[in-house]
Amino acid sequence: MDNRFHGTTIVAIRRGGSVAIAGDGQVTLGQTVIKHTAVKIRRMKGGEVLAGFAGSTADALTLFDKFEAKLEQFRGNITRAVVELAKDWRTDKILRRLEALLIAVDREHSFIISGNGDVIEPEEGIAAIGSGGPFAAAAAKVLMRHTDLSAKETAVEALKVASEICVYTNDRISVEEL
């Protein structure tokens, strides 16, 4: 039996002066769904920053804590915080074993952060991670080009599309918006 935790889908949409992150609620162990209502998004820095994770839950929670500490250390400067987190994540013996991806956003910036040292500020106002990330990103691109949906509505609809395609993504969606 495959005992690895699989997938999730997190999508961030920036549109019309707002930014929203949506995440599905499914947790899978091997080929078994073990939870339907997990919340994989967190508000940080007094609600000024949103972050979402894909990957191992324990690893992601560790990264949330490290990221929150970096936000405090750099007085809410999200750009500096994500760069320093990526540096630590890549070079620290324990952190570099963590298997997760993060999306972090504030009112001005959106970032995808990985343990390889990647800090990516995506184009077109769309960031997506996890097993259903490519599906959610594709849906979001179409929605952004052909509808007037808000950031929050676009994120939710993109996640719904991903849940119809990716077996590791469900339609129990949590969403936060700035």
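The structure contained in this document is the topic of the report that follows. Since we're looking at a predicted model, the values are computed, not measured. (Residues numbered from 1 in each chain as written. Predicted model: local features only at pLDDT ≥ 70, side-chain atom pairs only at ≥ 80, totals over all residues. Heavy atoms only, no water.)

1. Observations regarding the overall build of the protein
Then step 1. The secondary structure content of the protein amounts to four helices and twelve strands.
Then step 2. Expected size for 178 residues packed as a compact globule is a radius of gyration near 16 Å; at 15 Å, the protein falls within 12% of this value.
Then step 3. For the protein, the proportion of its 178 residues judged to be buried stands at 46%.
Then step 4. Pairs at least 24 residues apart make up 61% of the contacts formed inside the protein by residues separated by at least 6 positions.
Then step 5. Here the protein contributes 23 positively and 24 negatively charged side chains, and the mean placements of these two sets differ by 4 Å. (Helix = DSSP H or I, 4+ residues; strand = E, 2+ residues; numbered from the N terminus. Rg over C-alpha atoms; globule rule 2.2 N^0.38 Å. Buried < 20%, exposed > 50% of the residue type's maximum accessible area, 1.4 Å probe, protein only. Contact = heavy atoms within 4.5 Å. Lys, Arg positive; Asp, Glu negative; His and termini not counted. Charge placed at Lys NZ, Arg CZ, Asp CG, Glu CD.)

2. Thoughts on unusual backbone geometry
It is generally the case that most residues other than glycine have a negative phi and that most peptide bonds are trans.
Then step 1. Phi at lysine 45 takes a positive value of approximately 50 degrees, unusual for a residue other than glycine.
Then step 2. Take lysine 45: it is sitting in the loop between strand 6 (41-44) and strand 7 (49-55).
Then step 3. With phi around 50 degrees, arginine 75 is a residue other than glycine that occupies positive phi space.
Then step 4. Along the polypeptide, arginine 75 turns up in the loop between helix 1 (57-73) and helix 2 (78-91).

3. Details of the environment of alanine 22
Then step 1. Within the fold, alanine 22 resides in strand 3 (residues 18-23).
Then step 2. In this structure, the C-alpha to C-alpha distance between alanine 22 and serine 131, residues 109 residues apart in sequence, is 14 Å.
Then step 3. In this structure, alanine 22 is in contact with Thr9, Ile10, Val11, Ile41, Ala155, Val156, Leu159, Ile173, Ser174 and Val175, ignoring residues within four places of it in sequence.

4. Quick look at the sheet that holds strand 12 (residues 174-177)
Then step 1. Spatial ordering of the open sheet is given by 11-2-3-12, a layout of four strands whose pairing is antiparallel. Looking along the sheet, the strands with just one partner apiece sit at the ends: strand 11 (126-130) and strand 12. Ignoring which end each strand starts from, the neighbouring axes of this sheet average 10 degrees apart.
Then step 2. With four bridges joining them, strand 3 and strand 12 adopt antiparallel strand pairing. Bridge pairing in strand 12 links glycine 23 to serine 174. (Pairing = 2+ DSSP bridges. Axes fitted to C-alpha atoms, helices over the stretch in contact; angles between N-to-C directions.)

5. Digging into the nonpolar core
Then step 1. Judged by nonpolar contacts, the single largest core of 20 residues is most densely connected at Met44, Phe67, Leu71, Ile78, Val82, Leu102 and Ile113.
Then step 2. Mapped by element, the contributors of at least two residues to this core are strand 7, helix 1, helix 2, strand 8 (100-105) and strand 9 (110-113).
Then step 3. Looking at which element gives the most residues to this core, the answer is helix 2, with six residues.
Then step 4. Apart from the residues lying within four places of it in its own chain, the contact partners of leucine 102 are Gly52, Phe53, Leu63, Phe64, Leu85, Phe111, Ile112, Ile113 and Ile129. (Core = buried A, V, L, I, M, F, W, Y, C linked by side-chain atoms within 4.5 Å.)

6. Focus on the side chain of serine 174
Then step 1. Here serine 174 shows up in strand 12.
Then step 2. Overall, the relative accessible area of 18% leaves serine 174 in the buried class.
Then step 3. Excluding its chain neighbours within four sequence positions, the residues that come into contact with serine 174 are Ile21, Ala22, Gly23, Val39 and Ile41.

7. Examining the sheet that holds strand 10 (residues 119-120)
Then step 1. Across the sheet, five strands lie side by side as 6-7-8-9-10; this open sheet has antiparallel pairing. If you trace the sheet from one side to the other, it starts and ends with strand 6 and strand 10, each paired once.
Then step 2. In this sheet, strand 10 lies alongside strand 9 in antiparallel orientation, the contact comprising two bridges. Across the sheet, isoleucine 112 pairs through a bridge with isoleucine 120, a residue of strand 10.
Then step 3. Here helix 2 sits on the sheet in contact with strand 7, strand 8, strand 9 and strand 10, set at roughly 5 degrees to strand 9.

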